[in-house]
Protein chains: 2
Amino acid sequence: MDRLHNYYAGPAALPTEVLEEAREELLNFQSSGCSVMETSHRSKEYDAVHNEAVSLVKELMGLDDKFHVIMVQGGASSQFAMVPMNLLSEGKSADYVLTGSWSQKAIKEAKNIGTVRVAADTSVDGVFTSLPKQDELDLDSNATYCHITSNNTIFGTQFRTFPNVGNVPLVADMSSDILSHKFDPSPFGIIYAGAQKNLGPSGVTLVIIRDDVLQQCNTNLPTMFTYKTHVDKNSLYNTPPTFGIYLMNKVLNWIKSNGGIKGVAKENTAKAELLYGTIDNSNGFYVNNIPADDRSQMNVVFRLPSEDLEKKFVADGLDAGFLGLKGHRSVGGIRISMYNATRLSSIEKFVGFMNDFSAKNG
Amino acid sequence: MDRLHNYYAGPAALPTEVLEEAREELLNFQSSGCSVMETSHRSKEYDAVHNEAVSLVKELMGLDDKFHVIMVQGGASSQFAMVPMNLLSEGKSADYVLTGSWSQKAIKEAKNIGTVRVAADTSVDGVFTSLPKQDELDLDSNATYCHITSNNTIFGTQFRTFPNVGNVPLVADMSSDILSHKFDPSPFGIIYAGAQKNLGPSGVTLVIIRDDVLQQCNTNLPTMFTYKTHVDKNSLYNTPPTFGIYLMNKVLNWIKSNGGIKGVAKENTAKAELLYGTIDNSNGFYVNNIPADDRSQMNVVFRLPSEDLEKKFVADGLDAGFLGLKGHRSVGGIRISMYNATRLSSIEKFVGFMNDFSAKNG
C-alpha cells in the first residue's frame, strides 16, 4: 500500500520530502559516522541543527530580539501548568477565554495554581461552535495575561484575528495552527505549541516568550519547570529531544522553501475555501454550522444526515485512500485535519470523493 | 564515510539493526499508509507499539504486577523534581546517596521541595571516584525513600549491587545503566531513566513505580507532574513522544533477541573486562583509579600521561574510526561509553587502537 491522504488531527501528516530526507541520512547524518539521534547534544553537528531551528522560527514568524524561542518537552498539557506556575504569583490574576476542550484544560490547571477569571465562555450545552466577538470579552485590564486557544481542533474554530486585550500580554496555545498564517506577534507574551500538528513529530514543544514577560517569571520553581532555565541555556540545560528538533528544523526549512508563512497561508486558504465550499454547496448533505469568520482552516468538522452514513463515509473514505476522517470521540461526526503539510492537490481529490459520496448516498 | 564506533555518553549508539528497520518503514509503517510518527496516538497501529514496549520492559526486567511502567517526557532532570513533588510532603524526609554530579542535581531539586538527608557523600575535593560501602551509609529507617544514582556517567562508577536500605523504598536514577544487568527489582519504589543511553533516542523517560509507593503519591499537583495521571491513562493522558517510544520498543525487541538482560549483561561484562584489562596492563600509560568493585561497565574513564597526549588520543582515535572519546567537560580525560548497543567486537578493535597508541607514544 502506498502512502495515503493523511487527515489525522495530530500526530499528523509530515511533508513527504522531509521524511525522505530523514530516511536518506537516518544511519549516517552528514557523514558524521552516526545517526543524528546517536550524536551528542553537545556535538557541532547537532548544535548547527538546534540553532538553525531557533533562527528559522524567528525568521518565519518575524520575531524580533524581544522574543526568546525555546524547545522543551511535555506538550501543551505541560504548558497549561507551566504558564501559571511561572506567571501567576499570589495577588495576580489571569484572564482565560474559554472556547473549547483545550482551553477548559488550561483553565483547570491554572485554577489549581492561582486566580483565574473566565473572560468569555462560548459554550452552549457543553458545545463550543463559535468564538467570542471583541465586545463579548469581559477583560480585566490589570490581568497578568490573557490566555487564548488560537485554534480548536475538536470543534473546528480558529481565531483568524486575535482579541484586542490592550497592554495585557496575550498567551496563546497555538499547538494546532502555529506557522499556518501570518500575524503580528507583538501583543503576545507567550506562544506555545506542541509540535505534532504543524511542526514535526510529537515530543517537542515550542515556546516563544517575550522578554518583558520572561522577566516577570518565577524562578523559585523546579529547575526544569522554570522558563528562565531553558532561555538561559538555549534549550540545552538537559538533553533535548534531538531527533524531534532535527525533524522540526526540516519542516521549518520546508516551509521556507514553500514561500514561507505567506506561501503556506495562501495554500491553507485555498484548501479551506475548497472544502467549506463543497460542504456549503452540498444541499445540506454535509453540514457545518460554524459562523464563517470562526471556521478553522486547520480542522474542518461536519456532519452527514445520519451516524450510519458517517460510518460509511469513514469506511468508504479509507478504501479511497483517505485516512483519519473520524471526528473526535467527544463529538462524533467527521473531521478533516489539514495542516501545512496537507497539499491542495490532496483536498482536491478529497472533495471529489465527497461529491461522489453525496451523489450516491444523498 | 561509514558508520563509526560510537562511544558518546548519550545520546548514544543505537543498534544498527534498529535503525535499519526504522529506515525501511519510515514513510509507511506496517502498510498503514503513513509513518508511525504521522499516525494518531489513538490508532490501533500505535497502540500495539505502545503496549508492546510496556510489556517488554516488564518481561525483560522481571517486574511483577506490583509495578507500573509509564513513559513520560522531560528526562531524568524532570524526575529530579517529580519524585519529591510526588512523595516528599510536609513532615516527610528522604535520604539521598551522593555519588556524583547527577545525584548532586537530584539533591538540589529535592531540597527545594522537602526535607533531605544526605546518607553518604563520597566526594573528595569535589571529585567522586568511589561508591559508599554498606557500612558507610547513614540511613534513616523512617525515610520516605532513599535515592541513588545507579551509574555515574561522568566519574565512571556503578552500583553493581545496591545498598540495603531495609524497608525504605529505593528510588534510582538508572538513566545510564537500565537494562544492562540483572537485579532484583523488589526493593525499588521508583526507577527512572532517560532513554538516550540504553533505551532509545532522547525525549522519552521510562518510569517504573511500585504500587504501594504510587498510593503514597500526592495528587494535588499539576496534572502532568502527577505520576497517577500517567499510570491511570497508560501514558496516554496527552500525546506521548510516539516515535521515540516506537524506537524504544525496537531496542527492547533487540535486547530480547540478543538473549534478554542475561545476554546483554554477559556481553557488557566481557567488554568491561577487556577494556579495564587493557588499562590495567598498560604499565601506567592508561590510568583508572576507581576501586574494582565500583567500576562502571557503561562508562570507562581514564587518563593518559598528559593532556596533550589525551588530545592526540582523541584526534587519532577519530581518524581510526572511534567517535566520542573525550571525557566530560567538567573532568577532562578520556571516556568510553559502551551501552548495550556497543558490541564486544567494537571494543576489541578499540583496545587494539589503545595498544598501538601506547606503544607509539609511551
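Residues numbered from 1 in each chain as written. Chains lettered and ligands numbered in written order. Predicted model: local features only at pLDDT ≥ 70, side-chain atom pairs only at ≥ 80, totals over all residues.

Residues and elements named next belong to chain B. The seven strands are arranged β2-β10-β9-β8-β5-β3-β4 in an open sheet whose pairing can be described as mixed. Pairing within the sheet leaves two strands with one partner each, and these edge strands are β2 (67–72) and β4 (115–121). Within this sheet the neighbouring strands show an average axis-to-axis angle of 20°, counted without direction. Of the strand pairs in this sheet, strand β5 (residues 146–149) and strand β8 (residues 170–173) are connected by four bridges, and their pairing is parallel. In the sheet register, His147 faces β8, and the bridge partner there is Val171. (Pairing = 2+ DSSP bridges. Helix = DSSP H or I, 4+ residues; strand = E, 2+ residues; numbered from the N terminus. Axes fitted to C-alpha atoms, helices over the stretch in contact; angles between N-to-C directions.)

Next up on the list: helix α3 (residues 75–87) of chain B. For α3 of chain B, spanning 13 residues, the distance from its first C-alpha to its last is 18 Å, which sits close to the expected 18 Å at 1.5 Å a residue. Counting buried residues along α3 of chain B, 13 of its 13 residues qualify, which places the element largely inside the surrounding structure. (Expected span 1.5 Å × (residues − 1). Buried ≥ 20, exposed ≤ 12 C-beta atoms within 10 Å, placed from the backbone.)

On to the relation of the copies chain A and chain B. Rotating chain A by 180° about the axis while translating it 0.0 Å along that axis superimposes it on chain B, leaving an RMSD of 0.0 Å. Both copies are brought into coincidence by an operation consistent with a two-fold rotation axis. Same-surface contact between copies: 98% of interface residues of chain A are shared with the interface of chain B. (Least-squares fit on C-alpha atoms with pLDDT ≥ 70 in both. Contact = placed C-beta atoms within 7 Å.)

The strands making up a sheet associate through backbone hydrogen bonding, with each pair oriented either parallel or antiparallel. Residue and element names in this part refer to chain A. Strands sit in the order β2-β12-β11-β10-β7-β3-β4 across an open sheet of seven strands; the sheet is mixed. Two strands lie at the open edges of the sheet, namely β2 (67–72) and β4 (115–121), each paired on one side alone. Adjacent strand axes in the sheet meet at a mean angle of 20°, parallel and antiparallel pairs treated alike. For strand β3 (residues 93–98) and β4, the ladder comprises six bridges, and the chain directions are parallel. Within β4, the position partnered with Asp95 by the bridge is Arg117. Sheet strands in contact with helix α3 (residues 75–87) are β3, β10 (170–173), β11 (188–194) and β12 (205–210), and its direction is about 155° off that of β11. The sheet strands contacting helix α4 (residues 101–111) are β3, β4, β7 (146–149) and β10, and the helix crosses β3 at an angle near 160°.

This paragraph deals with the interface of chain A and chain B. Each partner contributes residues to the interface: chain A has 52 residues there, and chain B has 51 residues. Taken together, the elements giving at least two residues each to the side of chain A that touches chain B come down to α1 (16–24), α3 and α7 (242–257) of chain A.

This part is about helix α2 (residues 44–61) of chain A. All names here are of chain A. Between its terminal C-alpha atoms α2 stretches 26 Å, which fits the 26 Å expected from 18 residues at 1.5 Å a residue. When we look at burial in α2, the residues that qualify are Tyr46, Val49, Ala53, Leu56 and Val57. The arc that holds every buried residue of α2, seen down its axis, measures 100°, which confines them to one face. Among the exposed residues of α2, those oriented more than 90 degrees off its buried face are Lys44 and Ala48. (Arc of directions from axis to C-beta.)

Attention shifts here to the pairing of β8 of chain B. Two faces belong to every sheet, and in a regular strand the side chains alternate between them. All names here are of chain B. Taking every second residue as pointing to the same face, both faces of β8 are buried, with Leu170 and Ala172 on one and Val171 and Asp173 on the other. Direction of pairing for β8 relative to strand β9 (residues 188–194): parallel, over a ladder of four bridges. Bridge assignment links Leu170 to a residue of β9, and that residue is Phe188.

All names here are of chain A. The domain architecture assigned to chain A consists of domain 1 (17–257) and domain 2 (260–361). Between domain 1 and domain 2, the contact holds 24 residues from the first and 24 residues from the second. For the side of domain 1 that touches domain 2, the residue count by class is six nonpolar, 13 polar and five charged. (Domains from an automatic or database assignment. Nonpolar A, V, L, I, M, F, W, Y, C, P; charged D, E, K, R; others polar.)

The next point concerns the nonpolar core. Formed by 217 residues in total, the largest nonpolar core has its most connected members in Cys146, Ile190 and Leu206 of chain A together with Cys146, Ile190 and Leu206 of chain B. Not counting chain neighbours up to four residues away, the residues in contact with Ile190 of chain A comprise Val83, Val171, Val207, Ile208, Ile209 and Val213 of chain A. (Core = buried A, V, L, I, M, F, W, Y, C linked by C-beta atoms within 7 Å.)

Residue and element names in this part refer to chain A. For the pair α3 and α4, interaxial distance at closest approach is 8 Å and the crossing angle is 40°. Judged on the interaxial angle alone, α4 and α3 are oblique. You can see that α3 and α4 cross each other, and the crossing is right-handed. Contacts between α3 and α4 pair Ser77, Phe80, Ala81 and Pro84 from the former with Lys105, Ala106, Glu109 and Ala110 from the latter. Classifying every residue of the contact of α3 with α4 by side-chain character gives five nonpolar, one polar and two charged. (Parallel < 35°, antiparallel > 145°, perpendicular 65-115°, else oblique. Left-handed = near helix turned anticlockwise from the far one by under 90°.)

What follows concerns the packing of helix α8 (residues 260–280) of chain B against helix α10 (residues 344–361) of chain B. Residue and element names in this part refer to chain B. At a minimum axis separation of 10 Å, α8 and α10 run at an interaxial angle of 0°. Taken together, the axis directions place α8 and α10 in an arrangement best described as roughly parallel. Listed contacts from α10 to Glu267, Ala270, Lys271, Leu274, Leu275 and Thr278 of α8 are Leu344, Ile347, Glu348, Val351, Met354 and Asn355. The residue inventory of the contact of α8 with α10, partitioned by class, reads seven nonpolar, two polar and three charged.

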